[in-house]
Amino acid sequence: MEVIGASKVFVCDDAFCVLDNGAVAFEGAHICDVGDFATLQKRYGNARFHDDCVLLPALINPHTHIEFSDSCGFVFGSFGAWLSSVFTQRQKPCSKEQMESALASLRKSGVGCVGAISSQGHDLDVLACSNLRVVYFNELIGSSHEGAESAWENFLQRVQTADEYASATFHNALAAHSPYSVVPKLLTRLVCEANKRQCALSVHFLESLEERQWLCEDSGFFKDFYANFNPSNTQSFYRIESFLEHFANTKARLLFVHCTQASESELAHIARLGGSVVSCPRSNRLLGGKMLGFKKTNAILPCLIGTDSLASNNSLNLLEELRTALFCAHAPIVPLSVALVLAATNNAARALGLDCGILQNGKLADMALFHVPQIRHTHQEALTFLLHATYAQSLWVGGKELGGN
Ligand code: MCF
Ligand code: FE
């Protein structure tokens, strides 16, 4: 049994209970006890206390793309310009070193669990060897009817390869790229596969005005894009509602990423599907989209915060992403800071179907420890943490310490 204590322990239950001079006792992969440091020290021995520190569940970044870890060559300012730059860039996969350095920066910001969208499977080894908890979203793209069968075969092959890596910390999941890039026949099969597996299913959705215009009016950027790329696609495959109807009655845990152009009634539709939204504020800003209103969205359905990749962000530092969300939202700052810490812990774990994200007896011992000067003197703990935490001093995934930063 090991006992870790800190000036403030963020349990990250729904009431956002904070323990002063608290501690967590854990053995193997699981938490055995949570409470007062002095009591747990007496009960179990083998205890370490960290002054002016916050101990909380390891942060969860539910949306990134490790295969996109080379930040060179992307064009920002408009979604169309960015997407076109992806096509030029895709010919050149990033290196293993770049992917490893991306994972190191995630760990440094206290991320113990990552939802990684894998477009081609080049990130499989690096993620499986990372010691992080990984939800590996095998991504399906297929925008031509003629190429659908081979896209499906290629996808299933990648899924089967990833299945061989499944473990207590490596969870396989599925992703459809977006409504503009997956034909209905493939989406139906994907939802069926996700149902069979009862896994998480992620999709980029209503990220840009360009996408909304294509889905609503069959016009705009995607009209010209497909005229060059695949002239037989003269119309969108879906309207917004018909796309969402594909996910009705699914047992999969649904994550709709971005949704910056979604109306309140469209968000309510996702809520009825049991889904969550992942907002990536810095990516949305760079790609020319507006940012999602965190408070308004979180009132309708769980809103999580992700970094997206280095192709659409300046770093994978989740603390920086949370700070961006904190400074950009139009909402009272103190309750907002609590909601953001919960978004990156308990709510993200629930959305991904993981037994972590909360410091409670029986839960997985995924924890992060941050030095936060003067934290013991404040009662605005979540806000002080978001303002002043810089890097995780220690990180545990399934009770295993990943090495200091
Ligand atoms: O979330 C951002 C922006 N929206 C869409 N796609 C991506 C994002 N970051 C990386 N991508 C990838 C996506 O997974 O870019 C490719 C896909 O592989 C675009 S379609 C060729
Ligand atoms: Fe993305």
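What you are looking at is a predicted structure, and each value in this text was computed from that prediction instead of being measured.

Definitions and cut-offs
Residues numbered from 1 in each chain as written. Chains lettered and ligands numbered in written order. Predicted model: local features only at pLDDT ≥ 70, side-chain atom pairs only at ≥ 80, totals over all residues. Heavy atoms only, no water. Disulfide = S-S within 2.5 Å. Buried < 20%, exposed > 50% of the residue type's maximum accessible area, 1.4 Å probe, protein only. Near = heavy atom within 4 Å. Polar contact = N/O pair within 3.5 Å; in protein donor to acceptor, adjacent residues only side chain to side chain. Areas by Shrake-Rupley, 256 points an atom, 1.4 Å probe, with all protein chains shown as cover. Helix = DSSP H or I, 4+ residues; strand = E, 2+ residues; numbered from the N terminus. Nonpolar A, V, L, I, M, F, W, Y, C, P; charged D, E, K, R; others polar. Pairing = 2+ DSSP bridges. Contact = heavy atoms within 4.5 Å. Axes fitted to C-alpha atoms, helices over the stretch in contact; angles between N-to-C directions. Donors = N, O, S within 2.8 Å, 3.2 Å for Na, K, Ca; no water. Expected span 1.5 Å × (residues − 1). Arc of directions from axis to C-beta. Parallel < 35°, antiparallel > 145°, perpendicular 65-115°, else oblique. Right-handed = clockwise from strand over helix to strand, strands pointing away.

Quick look at the state of the cysteines now. One pass over the full model with this rule turns up 0 disulfides. The thiol of cysteine 356 is unpaired, and the distance to the nearest cysteine sulfur, on cysteine 113, comes to 5.5 Å. A residue is classified by how much of its surface remains accessible, and cysteine 356, at 3% relative accessible area, is buried.

This part is about the site of ligand 1. In the vicinity of ligand 1 lie 17 residues, with Glu139, His204, Glu207, His258 and Asp308 positioned nearest. With respect to ligand 1, the side chain of glutamate 139 contributes an N or O atom lying 2.8 Å from an oxygen atom. A total of 460 Å² of accessible area belongs to ligand 1 in isolation, and the protein chains cover 98% of it. For the shell around ligand 1, the element with the highest residue contribution is helix H2 (residues 79-89), accounting for 4 residues. Residues belonging to the shell around ligand 1 are distributed by class as follows: 7 nonpolar, 6 polar and 4 charged.

Before going further, it helps to examine the sheet that holds strand E3 (residues 30-36). With mixed pairing, the 7 strands of this open sheet are ordered in space as E3-E2-E1-E4-E13-E14-E15. In this open sheet, the two strands that pair with only one neighbour each are E3 and strand E15 (400-401). Taken together, the 4 bridges between strand E13 (residues 367-371) and strand E14 (residues 392-397) define a ladder with antiparallel strand orientation. Counted as the bridge partner of alanine 368 is leucine 395 from E14. In the packing of helix H1 (residues 37-44) onto the sheet, the strands contacted are strand E1 (2-10), strand E2 (18-27), E3 and strand E4 (47-57), and the crossing angle to E3 comes to about 130 degrees. Against the sheet, helix H15 (residues 381-388) contacts E1, E2, E4 and E13, and its axis sits at roughly 100 degrees relative to E1.

Here we come to the coordination of the iron ion (ligand 2). On the protein side, the iron ion (ligand 2) has His63 (NE2), His65 (NE2), His204 (NE2) and Asp308 (OD) as donor atoms, found 2.1 to 2.3 Å from it. Here the donor residues for the iron ion (ligand 2) map to a single chain with the spacing H-x1-H-x138-H-x103-D. Placement of the pair is histidine 63 in strand E5 (residues 59-64) and aspartate 308 in the loop between strand E12 (303-305) and helix H13 (318-328), with a sequence separation of 245 residues. Across this residue pair, the class does not change: histidine 63 and aspartate 308 are buried.

What follows is about unusual backbone geometry. Of note in this structure, asparagine 46 is not a glycine but carries a positive phi near 35 degrees. Its place among the elements puts asparagine 46 in the loop between H1 and E4. Residue classification places asparagine 46 among the exposed residues on the basis of a relative accessible area of 55%. Residues other than glycine seldom take positive phi values, yet glutamine 198 does so here, at roughly 50 degrees. With respect to the helices, strands and loops of the structure, glutamine 198 is situated in the loop between helix H6 (184-197) and strand E9 (200-205). Residue classification places glutamine 198 among the partly exposed residues on the basis of a relative accessible area of 45%.

Over its 14 residues, H6 extends 20 Å from the first C-alpha to the last, a length consistent with the 20 Å expected when each residue adds 1.5 Å. When we look at burial in H6, the residues that qualify are Leu186, Leu187, Leu190, Val191, Glu193 and Ala194. Projected down its long axis, H6 shows its buried positions confined to an angular sector of 160 degrees, all on one face. Those residues of H6 that are buried are in contact with strand E7 (133-140), helix H5 (148-163), strand E8 (170-176), E9 and helix H9 (240-245). Positive backbone phi, at 50 degrees, marks glutamine 198, one or two positions downstream of H6.

Here the focus is the packing of helix H7 (residues 209-217) against helix H8 (residues 221-229). Contact pair H7 / H8: the axes reach a minimum separation of 7 Å and the direction vectors enclose 80 degrees. Between H7 and H8, the crossing angle belongs to the class labelled roughly perpendicular. Contacts between H7 and H8 pair Glu210, Glu211 and Trp214 from the former with Phe221, Phe222, Lys223 and Tyr226 from the latter. The class makeup of the residues in the contact of H7 with H8 is 4 nonpolar, no polar and 3 charged.

The subject of this paragraph is the pairing of E8. Counting buried positions over the 7 residues of E8 gives 6, a clear majority of the element. Inspection of the sheet shows E7 paired to E8 by 7 bridges, in the parallel sense. Across the sheet, the residue bridging to valine 135 is histidine 171, located in E8. Pairing geometry for E8 and E9, over 3 bridges, is parallel. The partner of alanine 176 across the bridge, within E9, is valine 203. The parallel pair E8 and E9 is bridged by H6, and the resulting crossover is right-handed.

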